[in-house]
Every structure is written in structure tokens, then in C-alpha cells.
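Secondary and tertiary structure notes
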Amino acid sequence: MMGTAEGLNGAVANAVGFFKESREPHALLWLAVMHRRFGIEQFADALQRYDRILTEQPAQAPLRRVLRRFADRDNPLQPDDWDAVTDPSDRLLVCGLYCDRVGLPRSFAEMLHKAASAGGYYLPHVILVWFWIRENGCSVALPDGFMERVYKASAAIIDHDASIVSDLRLEVAAFLHLVGQGALVNRVFVERVLASQNADGGWGQARDAAGTSDWHSTVLGLLLLLQLNPPLASLEP
């Protein structure tokens, strides 16, 4: 564990406080995940808050109903909801999210390879998709060492300059820990994450995360820190 337990717990508490009144739907899904996986009581009502927004913003409801399975395995869908999944990254993620319900498309391995080959922004998405595939007990035939290469290529994004904290690097670190590959995350980077937390408990998207905090970066920063705490990380999914 990096730094002192007191310092880490303080950073977690500050980041939790950042989301006290959040109405960002995607953030609320991740907060619900954190409540389920790590017992964060402040997030106990996150999924209920998400559902209220679904009713308040019906135009965005179809896609949000699909993504709701982040936090609810028994997530109900309406027949036309699938039509709202048009973004390539969302399509890839949804394949992993629902593989136990509808199976994986024949082209899935090719889709995963194409995303990994694109590098950068797409690498942590491949890791997250792989996480959901394993969580849902699905399997896919991939070349030997495929995911190991994805893990190492992702870690190299941080290693290029571990002193820089950014949204992409936070995503890489958080998702590597999520799939049990936290040992690949540069320890210097983790120290910089703790040191660069803003006064409001969040992190920004820009270099060194200085200035205005962003919900996406803060979700990732909090997810990372929760997985650094041995008592929390030892909990079963």
C-alpha cells in the first residue's frame, strides 16, 4: 500500500464526498458498483438515484437501461433498447456485459483485437470488457498471450511518465487493478495520484489533474484507491 493508511483513507473519504449530490448517470453506475464491491455506505442509494434520472430524461433512457447492468445483474430491458447502442466502444462493452444472456458475436475476438491494436484510449476499454467477460463466466478464443500483451501495453502508458496524472492513466491503473494486474501499475504514479487530489476530493482530466475536478477522472481515482486498501481489496466481488 502506498503512503500511510491514514492518508489513503483520508483521500478515499474526500473522493467519496465529491459525489455527495452527483446527478451524473454514468458516475452513479460506478458508485453503485463501489457500494456493492467495497461496501461504501454513502453510495447505497446510487442505483435508485440513477433510476430517477432515467424517468426524468426519457430520451437517453434506452442506452442507460442497457448500461444499467453495470450495477444490476437482473437489469430489465425493453425490446428496442439495443438500438441505442451505436458507439463502437459501447458496443464492445455491452458484448461483455451481456455475454451470459445473449452470447458473444462470432466477430467478437476480431472486435477485441481491433480495439487493442488501436492502442491508447482503447486499451483500458479492452481490459474492462475482459473483466465483464470473466465476471459473467463467458469465454472467448484469443491468441496466446493476448491479454498479457494488452496489460503490458496499458501499463506502458503510465510508465512513459509516471509523474503525470491524467484521465487515461487513471483509467489504466484502476482497470489493471480491477483484473488483478495491479502489480504492473507504477508505484510512483500511485503516489502522484494521492498527491494531486484536488481540495474538493476530485481529480481533473488535464496533466497533473490540477484545477477543476471531473467526475470521470474522480470515479477512476476513487476506484483505484479503493483497490489499494488491503482490507477492501480482499472482499469477494
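Residues numbered from 1 in each chain as written. Predicted model: local features only at pLDDT ≥ 70, side-chain atom pairs only at ≥ 80, totals over all residues. Heavy atoms only, no water.

Here's the deal with helix 11 (residues 187-195)
Taken as a whole, helix 11 has its buried residues at Phe189, Val190, Val193 and Leu194. All buried residues of helix 11 lie within an arc of 140 degrees about the axis, which places them on one face of the element. Buried residues in helix 11 make contact with helix 1 (5-18), helix 9 (146-159), helix 10 (167-178) and helix 12 (215-226). Backbone nitrogen of Val188 and a side-chain oxygen of the N-cap are separated by 2.8 Å at the start of helix 11; the cap is Asn186. (Buried < 20%, exposed > 50% of the residue type's maximum accessible area, 1.4 Å probe, protein only. Helix = DSSP H or I, 4+ residues; strand = E, 2+ residues; numbered from the N terminus. Arc of directions from axis to C-beta. Contact = heavy atoms within 4.5 Å. Polar contact = N/O pair within 3.5 Å; in protein donor to acceptor, adjacent residues only side chain to side chain.)

Remarks on the pattern of salt bridges
Inspection of every chain in the model, using the stated rule, returns eight salt bridges. Its salt-bridge partner being Asp51, residue Arg68 comes within 2.8 Å of it at the nearest N-O pair. Of this pair, Arg68 sits in the loop between helix 4 (61-67) and helix 5 (88-97) while Asp51 sits in helix 3 (residues 46-56), placing them 17 residues apart in sequence. Residue classification places Asp51 among the partly exposed residues on the basis of a relative accessible area of 26%. (Salt bridge = Lys/Arg side-chain N within 4 Å of Asp/Glu carboxyl O.)

Some words on the state of the cysteines
Simply put, the disulfide is a covalent bond whose two ends are the sulfur atoms of two cysteines. For the structure shown, the criterion picks out one disulfide. Paired through a disulfide, Cys99 and Cys138 show a sulfur-sulfur distance of 2.1 Å. Taking the torsion about the sulfur-sulfur bond, which here is approximately 100 degrees, the covalent link between Cys99 and Cys138 counts as right-handed. Of this pair, Cys99 sits in helix 6 (residues 99-102) while Cys138 sits in the loop between helix 8 (122-135) and helix 9, and the two are 39 residues apart along the sequence. For Cys99, a relative accessible area of 5% translates into the label buried. Not part of a disulfide, Cys95 finds its nearest cysteine sulfur in Cys99, a span of 8.9 Å. On the basis of relative accessible area, Cys95 is assigned to the buried category, the value being 14%. (Disulfide = S-S within 2.5 Å.)

Brief notes about the side chain of His125
The residue His125 is located in helix 8 in this model. If we skip the residues at most four places from it in the chain, His125 touches Ser89 and Glu171.

Considerations on the confidence of the model for the protein chain
When the pLDDT values of the protein chain are averaged, the result is 91; 92% of them are 70 or greater. Ranking the helices and strands of the protein chain by mean pLDDT puts helix 9 first, with 98, and helix 13 (residues 230-233) last, with 44. Scored below 50 in pLDDT, residues 231-237 makes nine contacts in the model with residues more than four places away or belonging to other chains. (pLDDT = per-residue confidence, 0-100.)

Concerning the packing of helix 10 against helix 12
The N-to-C vectors of helix 10 and helix 12 enclose an angle of 35 degrees; their axes lie 8 Å apart at closest approach. Viewed along their axes, helix 10 and helix 12 form a crossing whose handedness is left-handed. On helix 12, the residues touching Asp167, Leu170, Glu171, Ala173, Ala174, Phe175 and His177 of helix 10 are His216, Ser217, Leu220, Gly221, Leu223 and Leu224. A per-class count over the contact of helix 10 with helix 12 returns seven nonpolar, four polar and two charged. (Axes fitted to C-alpha atoms, helices over the stretch in contact; angles between N-to-C directions. Left-handed = near helix turned anticlockwise from the far one by under 90°. Nonpolar A, V, L, I, M, F, W, Y, C, P; charged D, E, K, R; others polar.)

As for the packing of aromatic side chains
Counting across every chain of the model gives eight aromatic pairs. Through a chain of ring-to-ring contacts, three or more aromatic side chains come together here, namely Trp30, Phe70, Phe131, Trp132 and Phe175. (Phe/Tyr/Trp six-rings, centres within 6.5 Å; stacked < 30°, edge-to-face > 60°.)

Some words on helix 8
Between its first and last C-alpha atoms helix 8 spans 20 Å; for 14 residues at 1.5 Å apiece the expected length is 20 Å, and the two agree. Extensive coverage of helix 8 is indicated by the burial of 11 of its 14 residues. Three or more residues of helix 8 are buried, namely Leu123, Pro124, His125, Val126, Ile127, Leu128, Val129, Trp130, Phe131, Trp132 and Ile133. Those residues of helix 8 that are buried are in contact with helix 2 (25-38), helix 5, helix 6, helix 7 (108-118), helix 9 and helix 10. (Expected span 1.5 Å × (residues − 1).)

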